[in-house]
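# Tertiary structure, described
Each chain, written out:
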Amino acid sequence: MPRILIIEDEAKIIEAIQKSFSLEQGFTSKTVSDPERAPQEAISYKPDLIILDIRLPGGDGRQVIKVLKANAATQHIPVIFLTGMSSEGDRVLGLNLGADDYLTKPFGAMELVARIQAVLRRARPQSMGKDEVRIQGLVMDQSNRVATLHGKRLKFQPREFEVLYFLASHPGHTLSRSYLIENTSSYGMDVSTRSLDTHIKNIRKKLGPAGRWIETIPKLGYCLTPPE
Ligand code: CA
């Protein structure tokens, strides 16, 4: 059952969100309104998704998402941003900061549920076996360290394989450079961000046109988004 952390202070909005969850019996949720406490709550509650309002008492949702994305324990959790009607700047900034989607207030219950389901679907690694990841035509078998694209074998350096495997296991998620380095350094050969950028460059080249699936998120890291 997906767990959802709601970071919001307005009772009316919280009520609307919880009401929409009753349409969908499968959600459980918890609410926190204090932006200072929100990241800690995300660590302890371990939600599958976070709904984050931009306007919070004594703080700002943008600050909260920065903290969430900078912490290895929370940066993989997808975030849906709530914004006001006319704040296009907020929306763009929210997405740049790593939000997976945004919703403009007021929103409909069915729209919210549909957005949550779409984000959760994207967030779920499309794994076949335990060690195999398939995205569109890309198949990565970690135990045999074999990668193919549309049936054609790709040759990666060990570190490149690790980086691509990790990105492909988290489709649609922005992964920071430090998080990628931390989680792909089993070979321990190099840990600099510059070498990571070089690996990404090589991976893109080897993937050919599919190299475009890997997006550079300025100041944050990388995100692999397969075409719909
Ligand atoms: Ca608010």
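A brief look at the structure comes next.

What counts, and where the lines are drawn
Residues numbered from 1 in each chain as written. Predicted model: local features only at pLDDT ≥ 70, side-chain atom pairs only at ≥ 80, totals over all residues. Heavy atoms only, no water. Buried < 20%, exposed > 50% of the residue type's maximum accessible area, 1.4 Å probe, protein only. Helix = DSSP H or I, 4+ residues; strand = E, 2+ residues; numbered from the N terminus. Pairing = 2+ DSSP bridges. Axes fitted to C-alpha atoms, helices over the stretch in contact; angles between N-to-C directions. Contact = heavy atoms within 4.5 Å. Donors = N, O, S within 2.8 Å, 3.2 Å for Na, K, Ca; no water. Phe/Tyr/Trp six-rings, centres within 6.5 Å; stacked < 30°, edge-to-face > 60°. Lys NZ or Arg CZ within 6 Å of the ring centre and 35° of its normal. Core = buried A, V, L, I, M, F, W, Y, C linked by side-chain atoms within 4.5 Å.

So, on to the pairing of strand β9 (residues 138-141). Because side chains alternate across β9, one face comprises the buried residues Leu-138 and Met-140, and the other comprises Val-139 and Asp-141, equally buried. The turn joining strand β8 (residues 132-135) and β9, which pair antiparallel and follow one another in sequence, is formed by two residues; a positive phi near 50° is taken by Gln-136. Sheet topology places β9 next to strand β10 (residues 146-149); four bridges connect them, and they run antiparallel. Opposite Val-139, over in β10, you have Thr-148 as the bridge partner. Between β9 and β10, which pair antiparallel one after the other, the connecting turn spans four residues, and Arg-145 there sits at a positive phi close to 50°.

Right, let's talk about the sheet that holds strand β14 (residues 221-224) for a bit. Ordered by their spatial adjacency, three strands build an open sheet running β12-β14-β13, and the pairing between neighbours is antiparallel. The two strands at the open ends of the sheet, each matched to only one other strand, are β12 (174-176) and β13 (214-217). Adjacent strand axes in the sheet meet at a mean angle of 30° when their direction is disregarded. Sheet topology places β12 next to β14; three bridges connect them, and they run antiparallel. Looking across to β14, one finds that Ser-176 is bridged to Gly-221. Packed on one face of the sheet, helix α8 (residues 193-207) meets β13 and β14 and runs near 150° to β13.

At the metal site, the calcium ion is ligated by Glu-8 (OE), Asp-9 (OD), Glu-10 (OE), Asp-53 (OD) and Arg-55 (O), and these contacts range over 2.1 to 2.7 Å. Going along the chain, you hit the donors of the calcium ion in the pattern E-D-E-x42-D-x1-R. When its relative accessible area of 34% is taken as the criterion, Glu-10 is described as partly exposed.

The next point concerns the packing of aromatic side chains. A full pass over the atoms with the stated rule returns three aromatic pairs. Seen in terms of ring centroids, Phe-21 and Phe-27 are 5.1 Å apart; in terms of plane orientation they differ by 70°. Their pairing is edge-to-face. For Phe-21, a relative accessible area of 6% translates into the label buried. Taking the ring centre of Tyr-45 as reference, the NZ or CZ of Arg-3 above it sits at 4.4 Å.

The buried count for strand β3 (residues 49-53) comes to five of five residues, which makes it a mostly enclosed element. Neither face of β3 is open: one carries Leu-49, Ile-51 and Asp-53, the other Ile-50 and Leu-52, and all of them are buried. Note that β3 and strand β6 (residues 79-83) share four bridges and pair parallel. Across the sheet, the residue bridging to Ile-51 is Ile-80, located in β6.

Counting residues in hydrophobic clusters, the biggest one holds 28 residues, and the most contacted among them are Leu-138, Leu-164, Leu-167, Leu-207 and Ile-214. Listing elements by their share of this core, those giving two or more residues are β8, β9, β10, α6 (158-169), α7 (177-183), α8 and β14. By residue number, the principal contributor to this core is α6, which donates seven residues. Once residues lying within four places of it in the same chain are set aside, the contact partners of Leu-167 are Leu-175, Leu-180, Ile-200, Ile-214, Tyr-222, Cys-223 and Leu-224. With 18 residues, the next largest nonpolar core counts Ala-42, Leu-52, Leu-68 and Phe-81 among its residues.

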